[in-house]
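Listed below are the residues making up each chain.
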Amino acid sequence: MPSVPGYQMVSGPALTSQSPRIRATVGAGTAAQKTWNLRRPVTVIGSNPQAAIVLAHPAAAKAHCVIVNTTDAVILKDLSGENSTLCNGRPVDLVVLNDGDVIQIADLRIQLAIQSPKAGSEQTGVAMSFCDPLRTPEPIVIRDIAGERFWTVDTVVAAVGRQPDTAIHLDHPDVSLAHAVFFYFGQTPVVCDLGSRTGTWINGKREPIAFLKAGDRVRIGPFESEVVSPGQATFSKGEPTADRGDDLCRREQALRERERELLAREAALAARADAMRIHEETLRIREAQLGATGPPTGNWGNTGASWAGRPVPS
C-alpha cells in the first residue's frame, strides 16, 4: 500500500508466514521487466506516484485497482469505475486471484504468482476458509453521523470515494475518486486509505490502515461516520445495540412527524379543492341566471351592433 510521509502504521494488520505469498511481474520477458513481492495486505495499482505498483500510462487511473491479501484469499478490486481492469482477458469488478492470473490495464500486463502456505505445502493456490471468498463473514454496518444514512458492506473488499459506483459514495471535492477500501483481514474488518490527498481518519487520527471495531469514528473528507456492527462487535448479527435502537427510535419519530405534516398538507389541499368546487358551482348558477333573464339592455356605444336583429340604441 502507499506510504504516507509522517505517519506510521500502529493499529493495522500485518501478513504472517501463513498468509498467501504474492509476486507481481510487469513486462515479463522484456528488458523492462520489474517484479514486486507484495508483503502488505493492500497493494494499490495505478498512476499515483504513491501507489505500490506505479503504471505510467494515460489509461491508468491514480488508483486503478487494488490487490487485497485477506490471509484467506487474494482479491482483485477494480477502482476505475469503467470496467477497465481485466483479469485473464475479462473485465472484472471483484474477483478471487489464483496463481498464474494476469491483470491487464490497457496494454500493460501484470503476471501473478501466488503461493498458499495454509494449503500445507509450497504448491501454489489459495486456501478458502469460508464458502464465498467474495462475501464478508459478517456485514459491516456504517452510520453517517450527520444524517440518517446507513451503509452495509457485505463484500470482502468495498471501495469508498467520489466514484458514483463505489459501495460508499461520498460526493465532495475533498474525497478522492477512490479514497479508501473496507475489507476483512481474516475475521476482522479493516479500513485502508488508498493514498488520498486528505487522508482517512480513525478516531481523530490519520491512519493509512487500521483495524475497526464497533464505535470507531471514520472521517473521510468532511464526512464522519460510525462503525455500528463489524464482525468483531460484541452483539449478535441482527441484534441492534442500544445506540442503534435509539437511532431507530429517533428516525421512526421523525418519520411519524413527517407523516403528520403530509396529512395536514393533504387536508389543507382537500379543503382548498372543496372551496374551488363551491366557487365553480356558484359561477355556474350565476351563468344560468344570466341566461334566463336575457341579454342586458342599455347604451353599449355607437358600434352599430345589434341584438336579436334590432339595432342597439345609440
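These figures come from a predicted structure and were not determined experimentally. (Residues numbered from 1 in each chain as written. Predicted model: local features only at pLDDT ≥ 70, side-chain atom pairs only at ≥ 80, totals over all residues. Heavy atoms only, no water.)

Overview of the sheet that holds strand 8 (residues 90-91)
Overall, antiparallel pairing links the 6 strands, which are arranged 2-1-11-10-7-8 in an open sheet. Looking at which strands have only one partner, the edges of the open sheet turn out to be strand 2 (34-38) and strand 8. Bridge analysis of strand 7 (residues 85-87) against strand 8 gives 2 bridges, and the strand direction is antiparallel. Paired with Cys87 across the two strands is Arg90, which belongs to strand 8. (Pairing = 2+ DSSP bridges. Helix = DSSP H or I, 4+ residues; strand = E, 2+ residues; numbered from the N terminus.)

A few points about the sheet that holds strand 3 (residues 42-46)
Sheet strands line up and pair through hydrogen bonds in the backbone, either parallel or antiparallel. Strands sit in the order 4-3-5-6-9 across an open sheet of 5 strands; the sheet is mixed. Two strands bound the open sheet, and with one partner strand each, they are strand 4 (53-54) and strand 9 (94-96). Relative to strand 5 (residues 65-69), strand 3 is paired through 4 bridges, and the arrangement is antiparallel. Across the sheet, the residue bridging to Val44 is Val66, located in strand 5.

Re the pairing of strand 21 (residues 217-220)
Going residue by residue along strand 21, you find Val218 and Ile220 tucked away on one face and Arg217 and Arg219 left uncovered on the opposite face. Note: strand 18 (residues 200-202) against strand 21, 3 bridges, orientation antiparallel. Considered in strand 21, the bridge of Ile202 is made with Val218. Pairing of strand 21 with strand 22 (residues 223-229), which is carried by 4 bridges, proceeds in the antiparallel orientation. Of the residues in strand 22, the one forming a bridge with Arg217 is Glu226. Taking the residues between adjacent antiparallel strands as the criterion, strand 21 and strand 22 are bridged by 2 residues, where Gly221 takes a positive phi near 60°. (Buried < 20%, exposed > 50% of the residue type's maximum accessible area, 1.4 Å probe, protein only.)

Details of the environment of Asp154
Note on placement: Asp154 falls in strand 13 (residues 150-155). Overall, Asp154 belongs to the partly exposed group, its relative accessible area being 32%. Separated by 28 residues in the primary sequence, Asp154 and Phe182 have C-alpha atoms spaced 10.0 Å apart. Those residues in contact with Asp154, other than ones at most four positions away along the chain, are Leu134, Arg135, Thr136 and Pro139. (Contact = heavy atoms within 4.5 Å.)

Here's the deal with unusual backbone geometry
A positive phi angle, close to 55°, is found at Asn88, a residue other than glycine. Within the fold, Asn88 resides in the loop between strand 7 and strand 8. For Ala106, which is not a glycine, the phi torsion comes out positive at approximately 55°. Along the chain, Ala106 falls in the loop between strand 10 (102-105) and strand 11 (108-115).

Regarding the nonpolar core
In terms of nonpolar packing, the biggest core is built from 41 residues, with Val42, Val66, Leu79, Val157, Ile168, Val181 and Phe183 touching the most fellow members. Ranked by residue count, the leading element in this core is strand 16 (residues 180-185), at 6 residues. Not counting chain neighbours up to four residues away, the residues in contact with Val157 comprise Val68, Ile75, Lys77, Leu94, Val181, Phe182 and Phe183. (Core = buried A, V, L, I, M, F, W, Y, C linked by side-chain atoms within 4.5 Å.)

What about the packing of aromatic side chains?
Applying the stated rule across the entire model yields 1 aromatic pair. Arg219 extends its terminal NZ or CZ atom over the ring of Trp201, reaching a point 5.0 Å from the ring centre. (Phe/Tyr/Trp six-rings, centres within 6.5 Å; stacked < 30°, edge-to-face > 60°. Lys NZ or Arg CZ within 6 Å of the ring centre and 35° of its normal.)

Quick word on the side chain of Asp193
Turning to its location among the elements, Asp193 is positioned in strand 17 (residues 188-193). Of note is the side chain of Asp193, whose polar atom sits 2.6 Å from the side chain of Thr200. (Polar contact = N/O pair within 3.5 Å; in protein donor to acceptor, adjacent residues only side chain to side chain.)

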